[in-house]
Amino acid sequence: MKRNTLFSCILSLVLLVQYRGFVLVHGDDGRNLFIPKKLEMFVDELPDMPKLQGYGFKDGKPVTGNLSIGMYDTTWKFHHDLPATRVFAYGVTRETATVPGPTIEAIEGIPTYITWTNHLPSRHFLPWDPTITTAKSISGVPAVVHLHGGVQPPSSDGNSMAWFTAGFSDTGPQFSSPVYFYPNFQPPGNLWYHDHAMGLTRVNILAGLFGMYRITSPQETSLRLPSGSLFDRQLVLFDRDFRTDGSLYMNNTGCNPSIHPQWQPEYFGTAIIVNGKAWPYLRVRRRRYRFRILNASNARFFSLNFSDGTKFIHVASDSVYLPKPVQTRKFLLAPSEIADVIVDFSESASDSVILLNDAPFPYPSGDPTDEMNGKVMKFLIGRSKEKDTSHVPSTLMKYPRPQSNQVAAKRHIIMYEYESKTGDPTHLYLNAKSFMDPVTEMPREGTDEIWEVINLTDDNHPLHVHLGVVTVLEAQTLADVDKFKECMMKKNDVKACNLTDHLTRKKHGVVRHERAWKNVVKIWPGNLTRILVRFRPLAEKKFPFDPTAEPGYMYHCHILDHEDNEMMRPFKIVP
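Keep in mind it's a predicted model, so treat the numbers as computed, not measured.

A. The arrangement of the packing of aromatic side chains in detail. For the structure shown, the criterion picks out 34 aromatic pairs. Considering the side-chain rings of phenylalanine 291 and phenylalanine 345, the 6.2 Å spacing of their centres and the 75° angle between planes classify their relative orientation as edge-to-face. Residue phenylalanine 291 is located in strand β19 (residues 288-295), and its partner phenylalanine 345 is located in the loop between β24 (338-344) and β25 (352-357); the two are separated by 54 residues in the primary sequence. The residues phenylalanine 291 and phenylalanine 345 share a single accessibility class, namely buried.

Encoded structure:
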């Protein structure tokens with residue numbers, strides 16, 4: 001979305017007043033929204049989310065696990081100076097539900113069955129827009145769970161139309177069972193689970209329906225990376241706005257209210273939240289730590305760096321280990337991406353460091369960060385250096401490399417944003433089609449494909465392909481983008497619009513810490529990005545289930561406000 005469009009969309013920010021150290025804004029519904037400009041940072045300690053074992057034991061050996069996890073209407077404290085906030089949260093019980101939800105721990109090759117139960121109320125407490133394609137029910141809030149990065153059968157993938165309400169009083173057209181089967185038939189790595197209900201993903205995740213899922217393997221032990229609950233931590237990053245009564249704030253007036261009364265193209269909150277706390281702190285020792293960092297924001301990108309220049313050592317990207325460690329001092333994390341990094345605090349000359357963010361919003365051409373959204377959390381470093389038995393090996397895990405000369409098909413995927421006469425966004429499509437249009441992508445099981453993704457919008461779109469793993473081969477800058485876009489908006493045909501005439505010689509390589517198999521890839525504006533998509537397990541030729549079954553899978557932009565308004569398409573695996 002264009003920067004000037006963002007300003008025209010912020011209809012609610014009309015009056016600033018000072019109140020008890022907070023800056024207040026009168027929202028579009030007349031209730032006070034506060035921007036925590038003077039809300040004290042680094043006063044809440046970083047919590048560690050509860051853990052659930054997705055496996056059992058029999059005769060001392062791990063066996064198939066069974067869990068029951070509910071979605072509850074409850075409250076959560078995001079900051080000790082804020083009243084408790086109403087949220088939707090995952091948990092075994094309402095009393096133990098958290099934001100983020102519990103971390104599910106699974107073992108490679110040991111299946112996990114999860115029964116997902118919906119205990120949500122009859123109405124949502126956040127505004128949602130009935131004019132976009134949405135899961136609608138008069139009996140309760142629709143919800144469905146997707147394991148992001150998971151390799152699972154279609155019936156357990158969390159299709160957006162497989163939603164259900166409390167007590168299964170109402171279900172979507174693709175609903176089959178609340179019991180989901182996760183084979184964990186994939187390499188060890190980091191995944192996350194979240195709501196995926198059609199047209200409600202942005203509000204259900206904003207309400208709190210997300211959590212991490214980790215697949216472990218005995219082969220990781222030989223790597224000797226930092227381990228254990230003290231030294232191997234998850235950091236789940238997201239942003240939120242609050243009213244003075246502690247409730248979550250989401251603008252209930254759309255950019256084009258005559259078309260979409262509520263839908264906004266992006267949600268950006270002022271407070272940066274980590275593991276459910278606003279700007280927390282963590283006491284660390286002078287040694288190595290492992291941080292699994294998930295960006296669970298609706299639309300915000302994070303460009304992360306430490307205030308003292310401490311480096312990151314990347315060991316994995318999304319759900320797959322890198323072949324070798326990669327050092328950076330700053331890296332970009334798109335919504336739904338996961339960075340798995342080692343940080344050695346023994347190398348810091350300070351007794352504290354702040355994790356900073358300087359990614360513009362919307363990314364890449366939006367507003368710069370400020371003193372609030374430019375800070376993430378603080379690390380308080382102990383004085384004494386201690387013996388550290390962990391280390392970072394020179395090699396990690398190797399998987400089959402992508403072979404671009406052995407692909408079964410090549411496709412073009414075009415990203416469009418449509419605007420009203422006022423220049424404000426109305427909806428976004430992939431290949432000029434809505435989610436409800438018939439399937440056009442039907443890859444064969446066991447094959448690789450090259451997708452040439454052309455971004456004709458002003459935003460960077462994180463592209464997620466369910467079931468498959470992806471890797472970026474290269475990106476190529478387009479010339480005379482406006483002319484090409486004008487033609488494509490009319491014809492939606494790369495040949496008729498002479499794509500080759502618009503491809504420049506300027507090509508962009510892939511940053512070293514992302515030269516691997518991933519679940520999400522960044523698609524830069526004004527570029528053609530070539531990605532290789534693998535529709536088979538990394539180390540095997542066939543899936544341990546039928547991927548050709550109904551209801552199939554999906555691919556979409558992972559800016560939640562975009563996917564909710566049609567930037568999502570179904571695809572079907574064929575034999």
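Anyway, onward from the coordinates.
B. Region of the structure containing empty space enclosed by the protein. A full pass over the atoms with the stated rule returns 3 cavities of 30 Å³ or more. One number sums up the size of the largest cavity: a volume of about 100 Å³. Along the walls of the largest cavity sit 15 residues, with Val151, Gln186, Pro187, Val469 and Leu538 positioned nearest its centre. When its residues are assigned to classes, the lining of the largest cavity shows 8 nonpolar, 5 polar and 2 charged. Considered as a void within the structure, the second largest cavity measures approximately 60 Å³ in volume. Looking at the second largest cavity, it is lined by 13 residues, and the ones nearest its centre are Ser317, Leu333, Ile338, Ala339 and His513. Listing elements by their share of the lining of the second largest cavity, those giving two or more residues are β21 (312-317), β23 (331-333) and β24.

C. Here's a closer look at helix α3 (residues 481-491). Every buried residue of α3 is listed here: Phe484, Cys487 and Met488. For α3, the angular spread of buried residues about the axis comes to 100°, placing them on one side. Turned more than 90 degrees away from the buried face of α3, the exposed residues are Asp482 and Lys490. Buried residues belonging to α3 abut β27 (409-419), β29 (448-455), β31 (469-478) and α4 (499-502). Directly after α3, the chain includes asparagine 492, whose backbone phi takes a positive value near 50°.

About the criteria used
Residues numbered from 1 in each chain as written. Predicted model: local features only at pLDDT ≥ 70, side-chain atom pairs only at ≥ 80, totals over all residues. Heavy atoms only, no water. Phe/Tyr/Trp six-rings, centres within 6.5 Å; stacked < 30°, edge-to-face > 60°. Helix = DSSP H or I, 4+ residues; strand = E, 2+ residues; numbered from the N terminus. Buried < 20%, exposed > 50% of the residue type's maximum accessible area, 1.4 Å probe, protein only. 1 Å grid on protein atoms, 1.4 Å probe; cavity = no way out; pocket = protein on both sides within 12 Å on 5 of 7 lines; lining within 4 Å. Points joined across faces, edges and corners; volume = space filled by probe spheres on them. Nonpolar A, V, L, I, M, F, W, Y, C, P; charged D, E, K, R; others polar. Arc of directions from axis to C-beta. Contact = heavy atoms within 4.5 Å.

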